[in-house]
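# Observations on chain architecture
Residue-level listing of the chains:
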Amino acid sequence: MSDRLNTGSHDLPISDALAAFMTGGWADTTRPDLAALPLASYTAKRRAALVQRFPGERLVIPSGTLKVRSNDSDHRFRPHSAFAYLTGGQEPDDVLVIAPSGAATLFTRPRSPRSAEGAAGQEFYRDRKYGEFWVGARPTLAEAEALYQIECAPIDRLPEALTGTARVLREVDASVDARVAPHEGDEELTAFLSEMRLIKDDWEVAQLQHAVDATGRGFQDVVRALPQALAHPRGERYVEGVFGLRARLEGNATGYDSIVASGAHACVLHWIRNDGALNRDELLLLDAGVESDDLYTADVTRTLPLSGRFSPVQRQVYELVYEAQSAAIAVLRPGARFRDFHAAAMRVIAEGLREWGVLDSADGDLHRRYTLCSSGHMLGLDVHDCARARASVYLDGVLEAGQVLTVEPGLYLQPDDLTLPPELRGIGVRIEDDLLITEDGARLMSSALPRHPDEVESWMGALLG
């Protein structure tokens, strides 16, 4: 009998006769005229910028590995954002190596051969993790070179490319980490790979706008489906599913786990259980974003009255958050400090809480009991993009044209907070939009979705009929 491959113990053995029979009779499926990915010219410029930053050095950027979900079932693969940014590739176990000469090579697992002897020739139908008949075809080396416009080599030649010192994007592929000794400059590489994404090129802005537009259509889908969601015992899950369908139809998936929070669940910042019922007398906080096929994600939040109309107290809370967000958006422009828009939003929130009698003074930071987190972040390949950038160029830096960020102030009035009047307890409101910093201000990329409470009510009414 033939040797077993990396398959589960429940697999049937393969006879020598079947193994021989599987080696022939297959049509040629290679694609000789494959066009380059549309973003290939952009990834080449990005790699050139990386080489310019680290001249004469070997740089190693892995795509990442498959992650086990349960037993022999893996999560759907999503490459590390730095690897996707530099190559456009989305295959697991690939590694980009930039030699000291500046030449880039993509080491990849090519399509399984169908005529080789032994285990190599059986992978395509026997290997559950990589086999073409199990998970789909990978590009051949020639196809990968055509797609990515990078010299490609088989992954088994990677060790010979990792001789000598190198900076490595660590904690992405344990096998790569083990092959290359730690370098004192590894963290500097990691930081720069985040920082070079702070300003988006034209391709990225277009991808983000597509994701934002698709997200807007997903929010419309949700409002139209509210009657069915309200009738379901797990209405939050119903909403999650409706939005998730739009994300899969128009993109890769959702860019992060959707937050579908009704009633007091909206006071939990990252509520992703989404297992609650919907109540017409309460608000629904929906924080969701479509991720494009090239992995750029939107990040939008709307807080909607499930009855279609805000109650007086719901409107009171919503209007304060709306005013805070408007104040934050107004300060966005090149040269403004990144932290300025959060400070502007918090001034409005603190003063509003003082006017309500919740706080004795708008000074200090006691308002944070009710708002908890920052009011926005960079957006791109990651929902919290550029997170490994140095504080001096991001959180403590200044805004520049070409940056894309979210503005998302909120009020989270916990249901058990005795410092609040009873009518305010259990109300959570967040309004979040995506904005592109322009030469003279900022463009609201998510303007198709209403923000003002009157506009929200009119929009919902038109969709519900």
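Scoring rules and cut-offs
- Residues numbered from 1 in each chain as written.
- Predicted model: local features only at pLDDT ≥ 70, side-chain atom pairs only at ≥ 80, totals over all residues.
- Heavy atoms only, no water.
- Helix = DSSP H or I, 4+ residues; strand = E, 2+ residues; numbered from the N terminus.
- Buried < 20%, exposed > 50% of the residue type's maximum accessible area, 1.4 Å probe, protein only.
- Contact = heavy atoms within 4.5 Å.
- Areas by Shrake-Rupley, 256 points an atom, 1.4 Å probe, with all protein chains shown as cover.
- Lys, Arg positive; Asp, Glu negative; His and termini not counted.
- Charge placed at Lys NZ, Arg CZ, Asp CG, Glu CD.
- Core = buried A, V, L, I, M, F, W, Y, C linked by side-chain atoms within 4.5 Å.
- pLDDT = per-residue confidence, 0-100.
- Pairing = 2+ DSSP bridges.
- Axes fitted to C-alpha atoms, helices over the stretch in contact; angles between N-to-C directions.
- Expected span 1.5 Å × (residues − 1).
- Phe/Tyr/Trp six-rings, centres within 6.5 Å; stacked < 30°, edge-to-face > 60°.
- Lys NZ or Arg CZ within 6 Å of the ring centre and 35° of its normal.

## Notes on the overall build of the chain
- Looking only at helices and strands, the chain features 15 helices and 17 strands.
- Taken over the C-alpha atoms alone, the chain extends approximately 80 × 50 × 40 Å along its principal axes.
- The buried share of the chain, reckoned over its 465 residues, is 52%.
- Relative to all contacts within the chain whose residues are 6 or more apart in sequence, the contacts with residues 24 or more apart total 69%.
- With an accessible surface of roughly 21,000 Å², the chain has 51% of that area assigned to carbon and sulfur atoms.
- Of the charged side chains in the chain, 48 are positive and 69 negative; the average position of the first set lies 1 Å away from that of the second.

## As for the nonpolar core
- Core analysis: the biggest nonpolar cluster contains 63 residues, and Val239, Leu405 and Leu411 have the highest contact counts within it.
- Residues contacting Leu411, with those up to four places away along its chain left out, are Val317, Leu320, Val321, Ile349, Leu353, Trp356, Tyr370, Ile427, Gly428 and Val429.

## Observations concerning the confidence of the model for the chain
- Residues at a pLDDT of 70 or more form 98% of the chain, whose mean pLDDT is 95.
- Across residues 1-8, where pLDDT falls below 50, the model places 25 contacts with residues more than four positions away in sequence or in other chains.

## Things to note about unusual backbone geometry
- Within the chain, Asn274 stands out as a residue other than glycine whose phi angle is a positive 50°.
- Following the sequence through the fold, Asn274 ends up in the loop between strand S9 (259-262) and strand S10 (283-288).
- Asn274 sits in the buried class, given a relative accessible area of 0%.
- Phi at Leu372 takes a positive value of approximately 65°, unusual for a residue other than glycine.
- Within the element layout of this structure, Leu372 appears in the loop between helix H14 (368-371) and strand S13 (404-407).
- Taking the relative accessible area as the measure of exposure, Leu372 reaches 39% and is therefore partly exposed.

## Some points on the environment of Gly263
- Residue placement: Gly263 occurs in the loop between S9 and S10.
- C-alpha separation for the pair Gly263 and Arg280, spaced 17 residues apart in sequence, amounts to 9.7 Å.
- Apart from the residues within four sequence positions on either side, Gly263 is in contact with Glu282, Leu283 and Gly426.

## Notes on the side chain of Thr140
- Along the chain, Thr140 turns up in the loop between helix H5 (132-135) and helix H6 (141-148).
- Ignoring any residue separated from it by four or fewer positions in sequence, one finds Thr140 in contact with Thr30 and Arg111.

## Here we look at the sheet that holds strand S17 (residues 442-444)
- Taken in spatial order, the 3 strands line up as S13-S16-S17 in an open sheet, and their pairing is antiparallel. The strands lining the two open edges of the sheet, one partner per strand, are S13 and S17. Neighbour-to-neighbour, the strand axes of this sheet turn through a mean angle of 35°, independent of strand direction.
- Relative to strand S16 (residues 433-437), S13 runs antiparallel, the two sharing 4 bridges. The partner of Thr406 across the bridge, within S16, is Asp434.

## Section: H6
- Of the residues making up H6, those classed as buried are Glu143, Ala144, Ala146, Leu147 and Tyr148.
- Elements that come into contact with the buried residues of H6 comprise helix H2 (40-53), helix H3 (81-87), strand S5 (104-108) and strand S6 (151-154).

## Regarding helix H12 (residues 312-330)
- Taking 1.5 Å per residue, 19 residues should reach 27 Å; H12 reaches 27 Å between its end C-alpha atoms and fits that length.
- Here H12 has its buried residues at Gln314, Arg315, Val317, Tyr318, Leu320, Val321, Tyr322, Ala324, Gln325, Ala328 and Ile329.

## Some words on the packing of aromatic side chains
- Evaluated as defined, the whole model comprises 10 aromatic pairs.
- Seen in terms of ring centroids, Trp26 and Phe124 are 5.8 Å apart; in terms of plane orientation they differ by 85°. Their pairing is edge-to-face. With a gap of 98 residues between them, Trp26 in the loop between helix H1 (16-21) and H2 and Phe124 in helix H4 (residues 123-126) connect regions that are remote in the sequence.
- Residue Phe124 is classed as buried on the basis of its relative accessible area, which comes to 0%.
- Where Phe219 meets Phe243, the ring centres are 5.8 Å apart and the plane angle is 80°; that geometry is what we call edge-to-face. One end of the pair, Phe219, is in helix H10 (residues 202-231); the other, Phe243, is in helix H11 (residues 235-250), and 24 residues separate them in sequence. Phe243 carries the same exposure label as Phe219, and that label is buried.
- Three or more aromatic residues joined by ring pairs form one cluster here, namely Trp26, Phe124, Tyr125 and Phe133.
- Across the ring face of Tyr42, the terminal group of Lys45 is positioned such that the distance to the ring centre comes to 5.6 Å.
- In this structure, Arg53 packs its charged tip against the face of Phe192, placed 5.6 Å from the ring centre.

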